[in-house]
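# Residue-level structural notes
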Amino acid sequence: MERFPLADFAFRDEDTAGRRYPETAHPYRGPFQRDRDRIIHCAAFRRLSEKMQVFTAEFGNYHRTRLTHTMEVVGVARTLGRALGLNEDLIEAAALLHDIGHPPFGHSGEAVLDSLLKNDGGFDHNAQALRIVEKLERRYIDFPGLNLSRELLDGQTFKTHKNRTPLLEIQVVDMADSIAYDTHDVDDALEIGLLKTAQMVETPLWKNAARNVRRRWSSLDEDDFHRAVVHDLIDIQISDVLQATQSRLRALNLKNAAEALETEILVAPSQEISEQKSDAEKFLLEKVYRHPKVMSLRGRTAEWVETLFDRFVLQPEKLPKRYDTVLKQEGVRRAVADYLADMTDRSARMESLRNKKSPRSPLENVE
Ligand code: MG
């Protein structure tokens with residue numbers, strides 16, 4: 001087996017702060033390997049396969065789902081982590097976890113739930129991820145949730161509060177998320193036809209990649225050209241982040257993982273690529289996320305979520321039994337939000353179209 005040396009500033013398995021419910025060490029799996037397996041085997045993770053990233057099935061079958069986005073983030077994050085000498089098991093687990101709290105219909109579903117809960121603590125997919133892994137998943141006899149390692153919970157908490165610098169491994173996952181969506185959302189939008197390659201090559205982030213591709217192949221049709229640029233874009237971003245991060249790390253000469261918590265965020269692109277990425281994100285917001293077809297989808301899905309929320313708040317007895325504890329302890333609105341957030345796009349859509357009098361719900365017999 002290949003062994004990759006850890007840098008001084010990597011987080012060591014043996015330094016883990018452990019789990020809320022203490023468990024004995026596994027004979028051949030490290031703590032974060034166990035976390036990875038627990039995440040992959042939980043129901044919320046499987047449901048990512050039927051949750052949208054930006055596009056739903058009505059846009060065809062090329063685009064990313066929340067699950068394939070997650071797998072791309074895992075890949076980019078592990079590449080960054082290995083090259084930097086960081087703890088790849090921790091990185092893999094954190095990347096698998098990062099979007100697990102997304103409700104159906106992406107940010108539109110999230111915005112609706114947040115406004116429906118505005119007097120009850122709001123709704124945020126990062127906070128929901130913590131509810132899922134600490135409370136809602138029922139997979140083990142000895143404890144609720146997945147009893148994940150403290151470092152993973154802290155990493156997820158950072159995403160909701162941003163109040164302190166997280167471990168370098170967590171920073172890598174955040175960076176990989178951004179590299180993945182800044183690249184694949186354009187790829188999807190081009191393939192679906194919401195964007196034209198000619199528009200993209202005008203953006204600074206695409207310009208360099210397009211130049212590299214043209215140098216390598218003199219004549220490509222538009223589809224091949226766009227695919228080659230997408231590959232190059234991932235290379236450009238990863239190489240830039242690695243170079244910029246390595247030079248910051250060299251300058252600081254960190255002796256251990258804890259010292260990284262005392263600095264600013266170190267895993268980040270150069271100034272130049274950072275500006276190009278924010279330009280690209282503005283472009284994506286305007287041309288893709290606010291495209292009339294995407295906005296129309298948002299409108300419809302928001303209505304479905306609202307309809308379901310109102311229906312179940314009036315009839316909490318129709319919630320599956322596994323929400324009983326939340327119902328008792330935190331009230332009907334939170335219990336309904338947890339239930340709806342668990343739903344896939346398809347089950348939410350089917351359920352919202354279902355006759356209001358029907359007592360059965362699609363998730364009733366799932367677990
Ligand atoms: Mg993500």
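For the structure itself, look to the data block above.
Note that this is a predicted model, so its numbers are computed, not measured. (Residues numbered from 1 in each chain as written. Predicted model: local features only at pLDDT ≥ 70, side-chain atom pairs only at ≥ 80, totals over all residues. Heavy atoms only, no water.)

Around the magnesium ion, the donor atoms from the protein are H69 (NE2), H98 (NE2), D99 (OD) and D177 (OD), and they sit 2.2 to 2.4 Å away. On the primary sequence, the residues serving as donors to the magnesium ion are separated as H-x28-H-D-x77-D. In terms of burial, H98 and D99 fall into one category: buried. (Donors = N, O, S within 2.8 Å, 3.2 Å for Na, K, Ca; no water. Buried < 20%, exposed > 50% of the residue type's maximum accessible area, 1.4 Å probe, protein only.)

Below, the discussion takes up helix α6 (residues 125-136). With 12 residues, α6 ought to run about 16 Å at 1.5 Å a step, yet its terminal C-alpha atoms sit only 14 Å apart, falling short of that. Of all 12 residues that make up α6, nine are buried, and the element is covered over most of its length. Those residues of α6 that fall on the buried side of the exposure criterion are H125, N126, Q128, A129, L130, R131, I132, V133 and L136. If you follow the buried residues of α6, they end up packed against α2 (43-47), α4 (88-97), α5 (106-116), α7 (150-161), α15 (324-330) and α16 (332-342). The N-capping residue of α6, defined by a side-chain oxygen 3.1 Å from the backbone nitrogen of N126, is D124. (Helix = DSSP H or I, 4+ residues; strand = E, 2+ residues; numbered from the N terminus. Expected span 1.5 Å × (residues − 1). Contact = heavy atoms within 4.5 Å. Polar contact = N/O pair within 3.5 Å; in protein donor to acceptor, adjacent residues only side chain to side chain.)

Next up on the list: the packing of aromatic side chains. Following the criterion strictly, the structure yields seven aromatic pairs and no others. Look at F105 and W304: their rings are 5.5 Å apart centre to centre, the planes differ by 55°, and that puts the pair in the tilted class. Of this pair, F105 sits in the loop between α4 and α5 while W304 sits in helix α14 (residues 292-314), and the two are 199 residues apart along the sequence. Among the residues examined, F105 registers a relative accessible area of 3% and is labelled buried. The exposure class of W304 is buried, given its relative accessible area of 16%. Grouped by ring-pair contacts, the aromatic residues Y21, Y140 and F143 constitute a single cluster. A cation over a ring is seen here: R38 above Y140, with NZ or CZ 5.2 Å from the ring centre. (Phe/Tyr/Trp six-rings, centres within 6.5 Å; stacked < 30°, edge-to-face > 60°. Lys NZ or Arg CZ within 6 Å of the ring centre and 35° of its normal.)

A word on the environment of R333. By the secondary structure assignment, R333 is in helix α16. Each C-alpha atom of the pair R333 and S178 lies 32 Å from the other, and the pair is 155 residues apart in sequence. The residues contacting R333, other than those within four sequence positions of it, are L116, L117, D120, F309 and V313. A polar contact is formed between the side chain of R333 and the side chain of D120, at a distance of 3.3 Å.

Moving on: the side chain of D177. By the element assignment, D177 lies in helix α8 (residues 168-192). Although D177 lies buried, it forms no salt bridge, and the closest oppositely charged side chain, K159, sits 4.5 Å away as judged by the N-O distance. (Lys, Arg positive; Asp, Glu negative; His and termini not counted. Salt bridge = Lys/Arg side-chain N within 4 Å of Asp/Glu carboxyl O.)

In this section: the layout of surface pockets. Of the volumes computed, that of the largest pocket is approximately 780 Å³. Residue lining of the largest pocket: 37 residues in total, with Q53, H107, D177, Y181 and Y289 positioned closest to the centre. Mapped by element, the contributors of at least two residues to the lining of the largest pocket are α3 (66-84), α5, α6, α7, α8, α13 (271-289) and α14. For the lining of the largest pocket, the element with the highest residue contribution is α8, accounting for eight residues. Class assignment of the residues belonging to the lining of the largest pocket gives a composition of 14 nonpolar, 12 polar and 11 charged. (1 Å grid on protein atoms, 1.4 Å probe; cavity = no way out; pocket = protein on both sides within 12 Å on 5 of 7 lines; lining within 4 Å. Points joined across faces, edges and corners; volume = space filled by probe spheres on them. Nonpolar A, V, L, I, M, F, W, Y, C, P; charged D, E, K, R; others polar.)

Let us now look at the nonpolar core. The biggest cluster of nonpolar side chains holds 105 residues, and the ones touching the most others in it are I39, L80, W206 and L340. Looking at this core element by element, the count peaks at 11 residues for α8. Residues within four places of I39 in sequence aside, it is in contact with F45, A93, L96, L97, I100, L146 and L148. (Core = buried A, V, L, I, M, F, W, Y, C linked by side-chain atoms within 4.5 Å.)

This brings us to the environment of V73. Mapped onto the fold, V73 is located in helix α3. Looking at V73, the relative accessible area reads 0%, which means it is buried. Note: C-alpha distance between V73 and D174 (101 residues apart in sequence) is 8.8 Å. In this view, V73 contacts A95, H98, V173, A176, D177 and A180; residues no more than four positions away in its chain are not counted.

Per the stated rule, a full pass over the model turns up 32 salt bridges. The residue R47 makes a salt bridge to D342 at a minimum N-O spacing of 3.6 Å. Of this pair, R47 sits in helix α2 while D342 sits in helix α16, and the two are 295 residues apart along the sequence. The burial state of R47 is the same as that of D342; both residues are buried. Linking R300 and E58 is a salt bridge whose minimum nitrogen-to-oxygen distance equals 3.2 Å. Here R300, found in helix α14, pairs with E58, found in the loop between α2 and α3; they are 242 residues apart in sequence, far enough to count as distant. Using a relative accessible area of 52% as the deciding quantity, one classes E58 as exposed. Residues joined by salt bridges that share partners form a network here, namely R29, R36, D37, R78, R82, E88 and E92.

Now for α7. Spanning 12 residues, α7 covers 16 Å between terminal C-alpha atoms, matching the ideal 16 Å at 1.5 Å per step. Listing the buried residues of α7 in full gives E151, L152, L153, G155, Q156, F158 and K159. The secondary structure elements touched by the buried residues of α7 are α1 (31-40), α4, α6 and α8. In the stretch just after α7, K162 is the one whose phi turns positive, near 50°.

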